[in-house]
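If you want the building blocks of each chain, they are given just below.
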Amino acid sequence: MITIENFTININTDSLASNESPDILSPLVVRDELVSLLRIISEDKRFIGQTVVIPDDCGQYGFTQGEFNLPKLLYFLADMLE
């Protein structure tokens, strides 16, 4: 089981032009930010030793059943999105 408490993520929006809102960002920009965020979270020392259990019925989504290291899984997902 994963328990996350008191976890704050600050996203810097200074890179947005003055007339752009986050709602109209290009999908590529949003994906790049997600990739960066996943990599940052994967390196957080609070997640060392934590695992994620993927049940057997997730094969339809391309996941293999098993218990996986959370930081490695997050970094892997970032690589796949990139």
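Residues numbered from 1 in each chain as written. Predicted model: local features only at pLDDT ≥ 70, side-chain atom pairs only at ≥ 80, totals over all residues. Heavy atoms only, no water.

The next point concerns the nonpolar core. If you look at the biggest cluster of nonpolar residues, it comprises 11 residues: Val 35, Leu 38, Ile 41, Phe 47, Val 52, Ile 54, Cys 58, Leu 70, Leu 73, Leu 74 and Ala 78. Broken down by secondary-structure element, the contributors of at least two residues to this core are α1 (27–42), β1 (51–54) and α2 (70–81). Counting residues per element, this core draws most heavily on α2, which supplies 4 residues. (Core = buried A, V, L, I, M, F, W, Y, C linked by side-chain atoms within 4.5 Å. Buried < 20%, exposed > 50% of the residue type's maximum accessible area, 1.4 Å probe, protein only. Helix = DSSP H or I, 4+ residues; strand = E, 2+ residues; numbered from the N terminus.)

This part takes up the packing of aromatic side chains. Tallied over the full model, the rule gives 0 aromatic pairs. Residue placement shows Arg 39 over the ring face of Tyr 75; its charged tip is 5.0 Å from the ring centre. (Phe/Tyr/Trp six-rings, centres within 6.5 Å; stacked < 30°, edge-to-face > 60°. Lys NZ or Arg CZ within 6 Å of the ring centre and 35° of its normal.)

Attention now moves to α1. With 16 residues, α1 ought to run about 22 Å at 1.5 Å a step, and its terminal C-alpha atoms sit 22 Å apart, in line with that. Burial in α1 covers these residues: Val 35, Leu 38, Arg 39, Ile 41 and Ser 42. The arc that holds the buried residues of α1, viewed along the axis, is 165°, so those residues lie on one side. For α1, the elements touching its buried residues are α2. (Expected span 1.5 Å × (residues − 1). Arc of directions from axis to C-beta. Contact = heavy atoms within 4.5 Å.)

Within the fold, Gly 66 resides in strand β2 (residues 66–69). Beyond its immediate sequence surroundings of up to four residues, Gly 66 is in contact with Val 52, Val 53 and Ile 54.

With the rule as written, the count across this model stands at 3 salt bridges. Taking the shortest distance from any N to any O, the salt bridge between Asp 79 and Arg 39 comes out at 2.5 Å. Placement of Asp 79 in helix α2 and of Arg 39 in helix α1 is noted, with a sequence separation of 40 residues between them. On the accessibility criterion, Asp 79 (36% relative accessible area) is partly exposed. Given the relative accessible area of 17%, Arg 39 is considered buried. For Asp 44, the salt bridge is made with Arg 46, and the minimal N-O distance between the two is 2.8 Å. The class of Asp 44 is buried, set by a relative accessible area of 17%. Residue classification places Arg 46 among the partly exposed residues on the basis of a relative accessible area of 48%. When salt bridges with common partners are traced through the structure, they connect Arg 39, Asp 79 and Glu 82 into a single cluster. (Salt bridge = Lys/Arg side-chain N within 4 Å of Asp/Glu carboxyl O.)

We now examine the environment of Asp 32. Along the chain, the position of Asp 32 falls in helix α1. For Asp 32, a relative accessible area of 48% gives the class partly exposed. Between the alpha carbons of Asp 32 and Leu 81 there is a distance of 8.3 Å; along the sequence they are 49 residues apart.

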